[in-house]
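Working through the structure, step by step
Spelled out from the first residue to the last, the chains are:
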Amino acid sequence: MGTHSILKSTIPLSCLFTLLLSATILNPVFASKVCNFPAIFNFGASSSDTGGLSATFRRVTRPNGETYFRRPAGRFSDGRLIIDFIAMGVGLPYLSAYLDSLGTNFTQGANFATAASTIRLPSRIIPAGGFSPFYLDIQCSQFEQFKERSQIIRRQGGIYAHLMPKKDYFPKALYTFDIGQNDLSEGFFGNMTLEEVNASIPDILDKFSLNVKNIYKLGARSFWIHNTGPIGCLPYILVPFPSAQRDSHGCAKPYNDVAQSFNHKLKDAIVRLRIDLPSAAITYVDVYSVKYSLYSEPQKYGFELPLVACCGYGGKYNYSSSVGCGGTVTVNRSQIFVGSCERPSVRVNWDGIHYTEAANKFVFAQISTGAFSDPPVPLKMACRQV
């Protein structure tokens, strides 16, 4: 099957109609017609970072961005991310990173995500450690400041006024979240047992829920929340934990089990949030199932070698923690650039941690229909009934 086939939804129209009907009847808070999102405000980590960490700490270098942007574009991928396709899907431009001071336009939203971000305050922060200081509390504080100061700038007028969102965009906007995997990773690489990481999940999600409530208090009403992906299928887990039990597709089952535990508890937390925030339209999106299908049936969707990094160096999974994508390695006294594979368009994993544009595009095509959402509303109808 060619790669173009991954762009088409596999959901029959009759099933989509049934999903829409059931979603609007069972969840009257959701709109019964297509939403008109004037803006998107995103919170998350590297899977949705459009340039925040790159602008702040270490610049994302080539070959990142080579497939679509033809240059590094602040994203840890060869091209676009799921959040880019979400923006396109609702007719909005790609989101500017809040932390990027050059050439940014916040008229129709802002992206507060940074790579290596966690929900809870991490124990080791860049540059002394591997995690971003912009954990979820900080991202939400940045949003609060952004909301206030953007309106001051609009009222003052001048050259920056037209780069800020209108006041009435905030309650009508879509608020997207894709964060949590790094909280699990911090435990895995911090000498915690899998049982201890599992036991930490309720506190992680308590912090997550508190931030969603705070964003709600600031006027947000439409939430699109991704669960975490199959972390046990990623080379950065497969390489350092070679003794972990593998499933039939080669993924590290115990680590995926922790991710699924996180997702079950996240879904429960969202049920409680709906009770506490009755005016909010909160959509839980099961990206785990869609991403896992890329490992369980890659050929069906036009992919190959799903466990092997496209851009990397060394070993069974083409990944090493000592030299990453875009780095250099010395072989026989020669410096070798760690570049990408020949055909990123048929590969799932980009650099051992993140996904290729082709994989991101596939995931978006599936989740945007509502078939993997609770309630089963498509992206374009995931807003509050007005």
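A short tour of the structure in this document, coming up. (Residues numbered from 1 in each chain as written. Predicted model: local features only at pLDDT ≥ 70, side-chain atom pairs only at ≥ 80, totals over all residues. Heavy atoms only, no water.)

The subject of this paragraph is the layout of surface pockets. Of the pockets and cavities examined, the second largest pocket occupies roughly 440 Å³. Around the second largest pocket, the lining comprises 20 residues; the ones closest to its centre are Thr 50, Arg 71, Ala 73, Gly 74 and Asp 100. Class assignment of the residues belonging to the lining of the second largest pocket gives a composition of 9 nonpolar, 7 polar and 4 charged. (1 Å grid on protein atoms, 1.4 Å probe; cavity = no way out; pocket = protein on both sides within 12 Å on 5 of 7 lines; lining within 4 Å. Points joined across faces, edges and corners; volume = space filled by probe spheres on them. Nonpolar A, V, L, I, M, F, W, Y, C, P; charged D, E, K, R; others polar.)

Note that strand E6 (residues 328–331) and strand E7 (residues 334–337) share 4 bridges and pair antiparallel. Bridging from a neighbouring strand, Thr 328 pairs with Phe 337 of E7. Linking E6 back to E7 in an antiparallel pair, the connection comprises 2 residues, with Asn 332 at a positive phi of about 50°. (Pairing = 2+ DSSP bridges. Helix = DSSP H or I, 4+ residues; strand = E, 2+ residues; numbered from the N terminus.)

You can see Tyr 288 is positioned in helix H10 (residues 287–296). The residues contacting Tyr 288, other than those within four sequence positions of it, are Asn 227, Thr 228, Gly 229, Pro 230, Asn 256, Ala 259, Gln 260 and Asn 263. (Contact = heavy atoms within 4.5 Å.)

On to helix H7 (residues 194–217), then. Helix length check: H7 (24 residues) gives 35 Å between terminal C-alpha atoms against 34 Å at 1.5 Å per residue, within 8%. Along H7, the positions that sit buried rather than exposed are Val 197, Ser 200, Ile 201, Ile 204, Leu 205, Phe 208, Ser 209, Asn 211, Val 212, Ile 215 and Tyr 216. Buried-residue contacts for H7 involve strand E1 (40–44), helix H4 (136–156), strand E3 (174–178), helix H6 (181–188), strand E4 (222–226) and helix H9 (253–276). In the segment just after H7, Gly 219 is the residue with positive phi, at about 115°. (Expected span 1.5 Å × (residues − 1). Buried < 20%, exposed > 50% of the residue type's maximum accessible area, 1.4 Å probe, protein only.)

Further remarks concern the sheet that holds strand E2 (residues 109–111). Taking strand neighbours across the sheet as the criterion, the 6 strands line up as E2-E1-E3-E4-E5-E8 in an open arrangement whose pairing is mixed. One side of each edge strand has no neighbouring strand; the edge strands of this open sheet are E2 and strand E8 (373–374). As paired elements, E3 and E4 share 4 bridges and run parallel to each other. Note on E4: the bridge partner recorded for Phe 177 is Ile 225. With respect to the sheet, H4 is in contact with E1, E2 and E3, its orientation differing from that of E1 by roughly 155°. (Axes fitted to C-alpha atoms, helices over the stretch in contact; angles between N-to-C directions.)

Moving on, we come to the nonpolar core. Ranked by internal contacts, the top residues of the largest apolar core, which has 94 residues, are Phe 41, Phe 43, Tyr 175, Phe 177, Phe 208 and Phe 223. The element contributing the most residues to this core is H7, with 8 residues. Once residues lying within four places of it in the same chain are set aside, the contact partners of Phe 208 are Ile 119, Leu 136, Phe 177, Ile 179, Ile 225 and Leu 266. Counting residues in each nonpolar core, the second largest holds 6 residues, with Phe 76, Ala 115, Ala 116 and Ile 126 among its members. (Core = buried A, V, L, I, M, F, W, Y, C linked by side-chain atoms within 4.5 Å.)

Now for the environment of Leu 273. Counting through the fold element by element, Leu 273 comes out in helix H9. Each C-alpha atom, one on Leu 273 and one on Val 212, is 8.3 Å from the other, the two residues being 61 residues apart in sequence.

Turning our attention to the state of the cysteines. Scanning the model with the defined rule gives 4 disulfides in all. A disulfide bridge connects Cys 35 with Cys 383, and the sulfur atoms are separated by 2.0 Å. A torsion of -95° about the S-S bond marks the disulfide between Cys 35 and Cys 383 as left-handed. Highlighted residues: Cys 35 in the loop between helix H1 (13–26) and E1 and Cys 383 in the segment after E8, separated in sequence by 348 residues. The two residues Cys 35 and Cys 383 agree in class, both being buried. Disulfide partners in the protein, listed by the sequence order of the bonded cysteines, are 1-8, 2-3, 4-7, 5-6. (Disulfide = S-S within 2.5 Å.)

Looking now at the pattern of salt bridges. Scanning the entire structure with this criterion turns up 9 salt bridges. As a salt-bridge pair, Arg 343 and Glu 304 come within 3.5 Å of each other at their nearest N and O atoms. With Arg 343 in the loop between E7 and helix H11 (357–367) and Glu 304 in the loop between H10 and E6, this residue pair connects regions lying 39 residues apart in the sequence. The partly exposed category is assigned to Glu 304, whose relative accessible area is 32%. Ionic contacts of the salt-bridge type, sharing partners, join the residues Arg 120, Asp 203 and Lys 207 into one network. (Salt bridge = Lys/Arg side-chain N within 4 Å of Asp/Glu carboxyl O.)

Here we come to the packing of aromatic side chains. Inspection of every chain in the model, using the stated rule, returns 30 aromatic pairs. Between the aromatic rings of Phe 189 and Phe 241, the centroid separation amounts to 5.5 Å while the plane-to-plane angle is 45°, which identifies the pairing as tilted. Note that Phe 189 is positioned in the loop between H6 and H7 and Phe 241 in the loop between helix H8 (235–238) and H9, a separation of 52 residues in sequence. Using a relative accessible area of 35% as the deciding quantity, one classes Phe 189 as partly exposed. An aromatic cluster is built from Phe 41, Phe 43, Tyr 98, Phe 106, Phe 112, Phe 143, Phe 146, Phe 170, Tyr 175, Phe 177, Phe 208 and Phe 223, whose rings are joined through pairwise contacts. A cation over a ring is seen here: Arg 75 above Tyr 94, with NZ or CZ 5.9 Å from the ring centre. (Phe/Tyr/Trp six-rings, centres within 6.5 Å; stacked < 30°, edge-to-face > 60°. Lys NZ or Arg CZ within 6 Å of the ring centre and 35° of its normal.)

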